[in-house]
Each structure stands twice: as structure tokens, then as C-alpha cells.
Amino acid sequence: MKYKFAVLVMFAVLFAACGGNNQKNKKSVISQPDQSAQVTEKAATQKEHPGKKVYDSVCLVCHMADGSGVPGMHPPIYESDFVNSDPEQLIKIILEGMSGKVEVKGEIYNSIMPPQAHLSNQQIADVLSYVRSSFGNNSGPILPEDVQKLRK
Amino acid sequence: MKNLFPAILISFLIFSCGQQEHKATQVPDPDNGGLTLPEGFSALVVADEIGNGRHITVNDNGDIYVSLRQQADNKGIVCLRDTAGDGKADIVEYTGEHTGTGIKLHKGYLYFGADTAIVRYPITPGELVPGNEWQMIARGFPNERQHEAKPMAFDGKGNMYVNVGAPSNACMEQSRTKGSPGMDPCPLLENSGGTWKFKDDVLNQEQMIDGVRYVTGIRNGMANFWNTAVDELYVVQHGRDQLDQFFPELYDAEDNAELPAEELFLATEGSDFGWPYCYYDQLKKKKVLGPEYGGDGEIQGRCETKSDPIMAFPGHLAPNDLLFYTGDMFPERYKNGAFIAFHGSWNRAPEPQKGYFVVFIPFDGSLPSGDWEIFADGFAGTENILSTRDAEHRPCGLAQGPDGALYVVDSIDGKVWKIMYSS
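A brief structural summary. Position numbers for residues count from 1 along each chain, tracking the sequence in the order it is written. Chains and ligands are labelled sequentially in the order written, the chains with letters from A and the ligands with numbers from 1. Local features in this predicted model are restricted to residues of pLDDT 70 or higher, and side-chain atom pairs are both shown and tallied only at a pLDDT of 80 or more, whereas totals for entire chains, interfaces and linings draw on every residue.

### So, the overall build of chain A
Scanning chain A for helices and strands turns up eight helices and two strands. By definition, any uninterrupted DSSP run of H or I lasting at least four residues is a helix, any uninterrupted run of E lasting at least two residues is a strand, and each is numbered from the N terminus. Helices and strands in chain A line up, N terminus first, as α-α-α-α-α-α-β-β-α-α. For chain A, with 152 residues in total, the buried portion stands at 28%. Any two residues are considered in contact once their C-beta atoms, placed from the backbone, lie within 7 Å. Sequence-distant contacts, at least 24 apart, represent 58% of the contacts inside chain A between residues at least 6 apart. Each residue is classed by its C-beta neighbour count within 10 Å, where at least 20 other C-beta atoms makes it buried, 12 or fewer makes it exposed, and intermediate counts make it partly exposed; the C-beta atoms are placed from backbone geometry.

Written out as C-alpha cells, the structure reads:
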């Protein structure tokens, strides 16, 4: 038990120092109010981000208000490799949808995400830019012309 | 392994005392494993962190089997045994190459609902872990990416009933896409959206050749149960999602959080419960035409002739398992009544999520004799659940033990509770 506790403490220190996260800790990390002015300012601008309106009306139903998804069904989009890596792949997921088993953060998700091609290029660019700069993601914006290029 | 000797010793002692001695020596956990229960009931945690538990079944000797959605230790079945007699599993073994939901002991085999087939693993009397040589019982089910669970029930007369969920929300031409019309007739009903009847002991049956469609119009029946008191099949259904998202002119977010009902069906042969054309509005107490088929939330149309549920619950609570209680441990009013494990919602957002509990419905004969009531709560570990992941545990499977206790398994960590009663 002592050893286990020591390891736990060590991990806790590591996580706190690196701002790291795992699924068990997710909730407390996301809901904890951050004291730094920079983050508060960012949160305020995110609230007025044009992509938030799209997210709330189209994406939130499955991916949840905090981007944590639904276990076994809808993958989380917080601190997500899918979100932060290849913008082309990300745009294609929105335009063409995605279904079948996918592994995210060590968990299997199996459901269907319908295509969202009915959204405008601007709406898709907005929502992806919003998601890529929220929920602990830290990637650059996506432009409407990036979306147009991938429309068939 | 180092604890094997005392375990063997204890198991000898237990065998010489007889199984009934378990009951007297089992002490509930001081906090009942985090559950809130009616007066006189208590609980202990049998096992924890065994995987993404789905359904659960308990053998006559107390051995427990849990199906997994996702492999743990590269296996899909968890086997639990309590050798100390304190109710807590001290042997945990993993076996089986399939993952899935349905799991029931029948005729000396462990039947398993892999998502595209029903298989069975042989059980050797006295041995915990089933043999590896599984047999194919029924196959040919559609390869589904949603609602793929395959629960099964046995009628004791040589038949097995398998729910086949429809891989769809409301049979729209383009799945879950705003503005896409509902297909009419819905072709998915040919091989899904209902319950199929098979022989319980014949190998290699094909759904569309050997299976008989027993009831239809069930979107996603995550559990079924043969109630031996009245010799009838019962099924619980997950109702459709996203009414407000696809039809904002007819429904708002609050409507969607409550509608449509989750339903308990008395599944008499030949019944049609109306999916995808209809849904049940528990506030108006009637089946109404779905908006994909021209409905406006009021008109009934063809739904007037569809079978109603015998009990309706608020929307999206996700009834994931069903059990009729036949034990002697619980008070008389529980006898032949139904327990339902609700997995808890996701499609109530942006309204708070709810329904992470086990309910009880008293029965008189084949029909409920009273309203549903929350029996076990506290699984989520918190009251305020905005996102599904805020719930610490989600009840998913139910089983009755040989002593009459009720077992509940959770899908997040595979926590297993044993709920007991003492007067």
C-alpha cells in the first residue's frame, strides 16, 4: 500500500507539473477554474467564437458540452490527436462522416457519425477552428477554402 | 498463486458446510458500495475494475460470468469465484475470444451474444473457467455499427430468443442526417428491429433461414427475459434520439430530453411495437407517428394499431438489462416483479443527463401492478451529470444469485455489486 501511495503521489506531482491529464482526472482538470488571466481571457473569447454556436447546435448532442463524448459510443474530442493532427482528415470526417470501431485514448468507440456536408464551408471552418482551440486542444484555425477544396 | 493453499482449504470447508452458509457470513460494505437502497437492503462490492462489463449471469454454485464490450487481458468474458464465502470474488479469470453483451448459462453451457453471432462455451461442473472449444449456435446477423448487442433468453421449452437491434435511429435514408426522409417500408425490419426465435440446442443456425421473427418494431432491445411465472417474453427498448435536432420546428431541447419513452414490452408472438414509424409519448400516453413519417407529435395514423408498452419511462435513460425476480431472499412484493438496469442517458444534452439506476416494477401475473420505482441509486457518484462521462459508474447488467441476491454490473470499470436483504 505504501508503495502504491508513493507512486500515486509521484504521478500526481508529475501531472500537476506538466498539466497532464488522463480520463479519470479529466473532470477535475476541465472543471477546475484556472486562475491565470491568460486562460480566463481565452475562455471569454471562446464563448463568443462563431464556431461555438455550430458546436452547440450540431456536435454537443453526441460529443457533450465539455467534449468528453460518451463511453463506448462517441469519442472524446478534448486533447485529441484526431483534432490536433491532420486538418484534411478532420475536414473529411465532417464532410463524409465516420463509422465503425475507432480507438481513442485506449478506449474503443463504435457508433456512427453522420456526414455534416449540409453545413456551409464557413460553418465547418468555424466549428473546427473552435474545437481545435478549445477543450485543451491547441492547433491553428481552418479556413473555408480548406473545406471547399475537399468537397466532392 | 501463492494464496492457493488457503483458498483450497477454505473451499473444502465451504463445501463441507454447504452453500447456504454463505448468506449468514456475508457482511455488507459499510457504505453499501456507494449505493442507496430501500430499507432492509444492503450491498457489498463483489469485484471492481474487471473491464467494460455488459451483462452478468450467476451459476447455481455462485460462480459469476460477465460479458465485456472491449477485451480485457485479450479476452471477452470475466469469471469470478468467491472461495472465502464473504461474497467477494477472490478468483478473477479471463477467458473467451468473443466480446459482446448477452451472457446466460443454459444446459451446461455459457451462451454468449457476440455482436454478430450467438456462441456457447462448455462448462465443466465444478470448474470456474469454461472450455475454449466454443460452438456456433446462431449466425448470419447483420454486421452493425450501432445497436449491435445480442441479448438472448430461453423459454425452457427448447427455444432461444435473440433481440436484433436496428442499426438506425429512425430508418432515415441517410442515417441520422437532418432532412433525410424515413424509408417506407423500412427495409431494416427484414433482418433487424425485432426478436428472432431459434432452437436453443442446434448448431449453426442461420438467422434468415432457421430463425423465425417472433416480434417486430423494436428499435434497440438491449435486454429480453423469459418470465417463467407466466411463460411470456419481455423486452426493453431504447427509444429513438434527436427529435429536436432533426425537427426543431416541432420539438425543443426540453421535449427531446423527455421524449420519446423508453419502453417495457410484453412480447407476445406476432406483436408489432411500431418502430420506426411510431414512438410512444409517455406524457400523452399514446403511440404517435414519427416526424420522419409525417407525424407532428400529435397524430397517430397507422400507430393506432401498434402494440403499446406495458410500462413507459422518461426518454433516453437506456434500459440495458431486465430480470424477473424469483428468489426467496427479498420480501414477498418483489416476487415475480421486474428489475431493470438503466445505463443512464447521453441524448438529454443540453439538459442534465439522468437515469443511472436500477428500478423495480411490481407485477401481478403478466402485467405491472404498480408504477416503477427507483430501487438502487448512487451508481453515478454525483447528482449533477451534464456529460455522460461525469457518471462514475453506469449499471448495465443484472443477475439473480442462487441465494436470491441481486447482482449488478457496471460498464465503466466492471464494478459488481451484490444486493442483499435481511429483515
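### Observations concerning the sheet that holds strand E1 (residues 41-47) of chain B
Residues and elements named next belong to chain B. Two strands pair under a simple rule: DSSP has to find at least two bridges between them. In space, the four strands of this open sheet follow the order E1-E29-E28-E27, with antiparallel pairing throughout. Single-partner strands in this sheet number two, and they are E1 and strand E27 (395-400). Going across the sheet, the axis of each strand differs from the next one's by a mean of 25°, ignoring polarity. Relative to strand E29 (residues 416-421), E1 runs antiparallel, the two being bridged by six bridges. Considered in E29, the bridge of Val 45 is made with Trp 417. All axes here are fitted lines through C-alpha atoms, helices being fitted over the stretch that makes contact, and every angle between N-to-C directions spans 0 to 180 degrees.

### Points about the interface of chain A and chain B
Contacts between the two partners involve 21 residues from chain A and, on the opposite side, 22 residues from chain B. Among the elements of the structure, helix H4 (50-63), strand E1 (98-104) and strand E2 (107-113) of chain A are those that each provide at least two residues to the side of chain A that touches chain B. Broken down by element, the residue count for the side of chain A that touches chain B peaks at four residues, all from E2 of chain A. We call Asp, Glu, Lys and Arg charged. Ala, Val, Leu, Ile, Met, Phe, Trp, Tyr, Cys and Pro are nonpolar, and the rest, Gly among them, are polar. When the residues that make up the side of chain A that touches chain B are grouped by side-chain class, the tally is eleven nonpolar, eight polar and two charged.

### Brief notes about the pairing of strand E28 (residues 406-410) of chain B
Residue and element names in this part refer to chain B. Along E28, five of the five residues are buried, which leaves the element largely enclosed by surrounding structure. Burial of E28 is two-sided: the residues Leu 406, Val 408 and Asp 410 facing one way and the residues Tyr 407 and Val 409 facing the other way are all buried. Note: E27 against E28, five bridges, orientation antiparallel. Note that in E28 the partner of Ala 399 across the bridge is Tyr 407. Counting the residues that bridge the hairpin from E27 to E28 gives five residues, and of these Gly 404 lies at a positive phi of roughly 95°. As paired strands, E28 and E29 are joined by four bridges and run antiparallel to one another. Following the sheet pairing, Tyr 407 is matched in E29 by Lys 418. A loop of five residues connects E28 with E29, the two strands running antiparallel in sequence, and Gly 414 in this loop sits at a positive phi of about 70°.

### Observations concerning the packing of H4 of chain A against helix H7 (residues 121-132) of chain A
All names here are of chain A. Viewed as axis vectors pointing N to C, H4 and H7 meet at an angle of 95°, and their least axial separation amounts to 7 Å. As the angle between them shows, H4 and H7 are arranged roughly perpendicular. Together, Pro 50, Gly 51, Lys 52, Val 54, Tyr 55 and Cys 59 of H4 and Gln 123, Asp 126, Val 127, Ser 129, Tyr 130 and Val 131 of H7 make up the contact between the two elements. A per-class count over the contact of H4 with H7 returns seven nonpolar, three polar and two charged. Orientation is classified from the angle alone, with under 35 degrees giving roughly parallel, over 145 giving roughly antiparallel, 65 to 115 giving roughly perpendicular, and any other angle giving oblique.

### Focus on the sheet that holds strand E7 (residues 109-114) of chain B
Residues and elements named next belong to chain B. The sheet built from five strands is open, its strands ordered E6-E7-E8-E9-E13 with mixed pairing. Two strands lie at the open edges of the sheet, namely strand E6 (100-106) and strand E13 (205-206), each paired on one side alone. Pairing geometry for E6 and E7, over five bridges, is antiparallel. Along E7, the bridge assignment pairs His 106 with Tyr 109.

### Describing the nonpolar core
Soluble globular proteins: nonpolar side chains tend toward being buried together. Structurally, a nonpolar core is described as a collection of buried Ala, Val, Leu, Ile, Met, Phe, Trp, Tyr and Cys residues joined by way of C-beta atoms within 7 Å. Of all hydrophobic cores here, the largest spans 114 residues; its most connected members are Ile 56, Ile 64, Phe 339, Tyr 407, Val 408 and Ile 419 of chain B. Ignoring sequence-local partners within four residues, the contact set of Ile 56 of chain B consists of Ile 64, Tyr 65, Val 66, Ile 103, Gly 397, Leu 398, Ala 399, Tyr 407, Val 409 and Val 416 of chain B. In this structure, Val 54, Val 127 and Val 131 of chain A together with Ala 349 of chain B belong to the second largest nonpolar core, which totals 24 residues.

Without other data, these values stay purely geometric and don't point to any function.
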